[in-house]
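Descriptive analysis of the structure
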Amino acid sequence: SGPLTDAAHISARFDSITFLLDQEAIRHSVRACLKGAPDLARALSRLAMGRGGPRDLAALRDGLTAIDEIIHLFADEAALPQELKTALAHMRQIDPMLRKTLADSLSDTLPLKARDGGFIRAGTLPELDETRALRDESRQVIAALQAQYAELTGARTLRIKHNNFLGYFVEVPQAVGEELVKPPHQALFVHRQTMQGAMRFSTTELGELESKIASAADRALALELSLFESLSLLVLQHESVLKQAADALAVLDVASALAERAEEGRWTRPKIDTSLAFDIKG
C-alpha cells in the first residue's frame, strides 16, 4: 500500500489520530486490546489455502475476542471520525456466534497440527467424549492388568510394555520367565521373545485391549479432524467479513500508535492541502 497521497484521506487519518490523542483512556484500552489480537489475515489465509491448524482457529478466536472488546470501548459513535466509524461498522458485521463457537470448541492447549489431536474441548461432541473415555479407560485397565499379573506370578518387577513389533507384551526377568513357560502359567502367557536377562510374553487379554485402544484412538482422532474441517469451513464462510475486520484492526492500530507517538513527541497536526507548498514553522 504505502503512505497516503490523497489530501482528503490524509485529513481523515488525522481526524482519527486527533480523536485518539484527545481520548487517552480509550486509546490505551484500544492498544491493550490490540496486543491480544493475533494476525487475523495470516490465520485466515492459511486456512483458506488448506495449510491451517488448530492454532490458526485459535488466532481467529482471540482476534474476534479483541474485536468484541474494542467495539464496547466506543459507546458514543456520534463523536467518532469517519475512518473509525467505518472500521467499527466492519467489525460489527461479524456474527457473534462465530467467536462463541470457536471459543466453546477449542481446548486451552493446542497442538501445531490437527493430526496430533487433543485440540477439541471436552463437552463439544458427546461421541468424541465417549471415544476418549474408552481409550483412556482401556489404558487404566492395562495398569490394573499389570498389577493382576504381578500378583499371579509373584513377580513384582513384571511390567506391561509396548513396541511397534510386539504391540503390548508382558516383560519379566528371565528367572520368572522360565516359570511362565511351564504349567499352569503357560495356558495364560504365550512366549514371544527372549532377551538378555528378560523374557517377553503376550496374552489374549492384552491382544484384545490393544485392538480396543487403537480403534478408540483412531476414532477419536477421526472425529477431531472432522470437527476441524467443519470449523475451518465455518470460518471461510465468513471470509470476506473477517478480511474487512482485519483491515479495520489495522486502521485502529495505525491511528492509535500514531496518537501515542504524537503525545510522546508533542507533535502538532499539520495542515494538508493540494498545493506543493512545504512550510514548517517552529
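Given the structure is predicted, the values throughout are model-derived calculations rather than measurements.

Points about the packing of aromatic side chains
Enumeration over the complete set of coordinates arrives at four aromatic pairs. Judged by centre distance (5.2 Å) and plane angle (70 degrees), the ring pair of Tyr149 and Phe189 falls under edge-to-face. Here Tyr149 is found in helix α7 (residues 126–153), whereas its partner Phe189 is found in the loop between α8 (174–180) and β3 (190–195), with 40 residues between them in sequence. A residue is classified by how much of its surface remains accessible, and Tyr149, at 0% relative accessible area, is buried. Judged by its relative accessible area of 2%, Phe189 falls in the buried class. Taken together, the ring pairs connect Tyr149, Phe189 and Phe201 into an aromatic cluster.

Considering α7
Here α7 contains 28 residues, and its C-alpha end-to-end distance of 40 Å stays within 8% of the 40 Å for a straight helix at 1.5 Å per residue. Turning to α7, its buried residues are Leu128, Thr131, Arg132, Arg135, Ser138, Ile142, Leu145, Tyr149, Ala150 and Thr153. Contacts made by the buried residues of α7 are with β1 (159–163), β2 (167–173), α8 and α9 (204–237). Where α7 terminates, the next one or two residues include Gly154, which has phi positive at roughly 75 degrees.

Quick notes on the packing of helix α2 (residues 24–35) against helix α10 (residues 239–265)
Interaxial distance between α2 and α10 falls to 10 Å at its minimum, and their mutual angle equals 130 degrees. Between α2 and α10, the crossing angle belongs to the class labelled oblique. Here the hand of the crossing between α2 and α10 comes out left-handed. Where α2 abuts α10, its residues Glu24, Arg27, His28, Val30, Arg31 and Leu34 lie against Leu249, Leu252, Asp253, Ser256, Ala257, Ala259, Glu260 and Glu263. Of the residues assigned to the contact of α2 with α10, the class counts are six nonpolar, two polar and six charged.

Focus: α2
Helix length check: α2 (12 residues) gives 17 Å between terminal C-alpha atoms against 16 Å at 1.5 Å per residue, within 8%. Burial in α2 covers these residues: Ile26, Arg27, Val30, Cys33 and Leu34. What you see down the axis of α2 is that its buried residues fit within an arc of 125 degrees, all on one side. Across α2 from its buried face, at more than 90 degrees, point the exposed residues Ala25 and Lys35. The elements touched by buried residues of α2 are α1 (7–22), α4 (54–73) and α10.

Thoughts on the packing of α4 against α10
Put simply, α4 and α10 touch, their axes get as near as 11 Å, and they point 60 degrees apart. Classed by the angle they form, the pair α4 and α10 counts as oblique. Crossing of α4 over α10 shows left-handed handedness. Contacts from Leu60, Leu64, Ile67 and Ile70 of α4 reach α10 at Leu242, Ala245, Leu249 and Leu252. Split into classes, the residues belonging to the contact of α4 with α10 amount to eight nonpolar, no polar and no charged.

About the cut-offs
Counting from 1, residues in each chain are numbered in the order their sequence is written. The predicted origin of the model limits local features to residues at a pLDDT of at least 70 and limits the giving and counting of side-chain atom pairs to 80 or more, whereas totals for whole chains, interfaces and linings rest on all residues. Side-chain descriptors were evaluated using all non-hydrogen atoms of the structure, hydrogens and water having been removed beforehand. Each Phe, Tyr or Trp ring (for Trp, its six-membered ring) is paired with any other whose centre lies within 6.5 Å, and the angle between the two planes then decides the class: stacked below 30 degrees, edge-to-face above 60, tilted in between. Strands here are runs of E lasting at least two residues and helices are runs of H or I lasting at least four, both read from the DSSP assignment and numbered beginning at the N terminus. The rule is simple: take the accessible area with a 1.4 Å probe, protein chains only, and divide by the maximum for that residue type; under 20% is buried, over 50% is exposed, in between is partly exposed. Take the number of residues in a helix, subtract one, and multiply by 1.5 Å to get its expected span. In what follows, residue pairs with any heavy atoms lying within 4.5 Å of each other are defined as contacts. Axis angles are defined between N-to-C directions and span 0 to 180 degrees, where every axis is a line fitted to C-alpha atoms and, for a helix, only to the segment in contact. Should an angle lie under 35 degrees it is considered roughly parallel, over 145 roughly antiparallel, and from 65 to 115 roughly perpendicular; all remaining angles are considered oblique. By the definition used in this description, the sense in which the near helix is turned from the far one sets the handedness, with an anticlockwise turn below a right angle giving left-handed and a clockwise turn giving right-handed. Here the term charged refers only to Asp, Glu, Lys and Arg, the term nonpolar to Ala, Val, Leu, Ile, Met, Phe, Trp, Tyr, Cys and Pro, and the term polar to all other amino acids, Gly among them. This arc describes the spread of directions from the helix axis toward the C-beta atoms.

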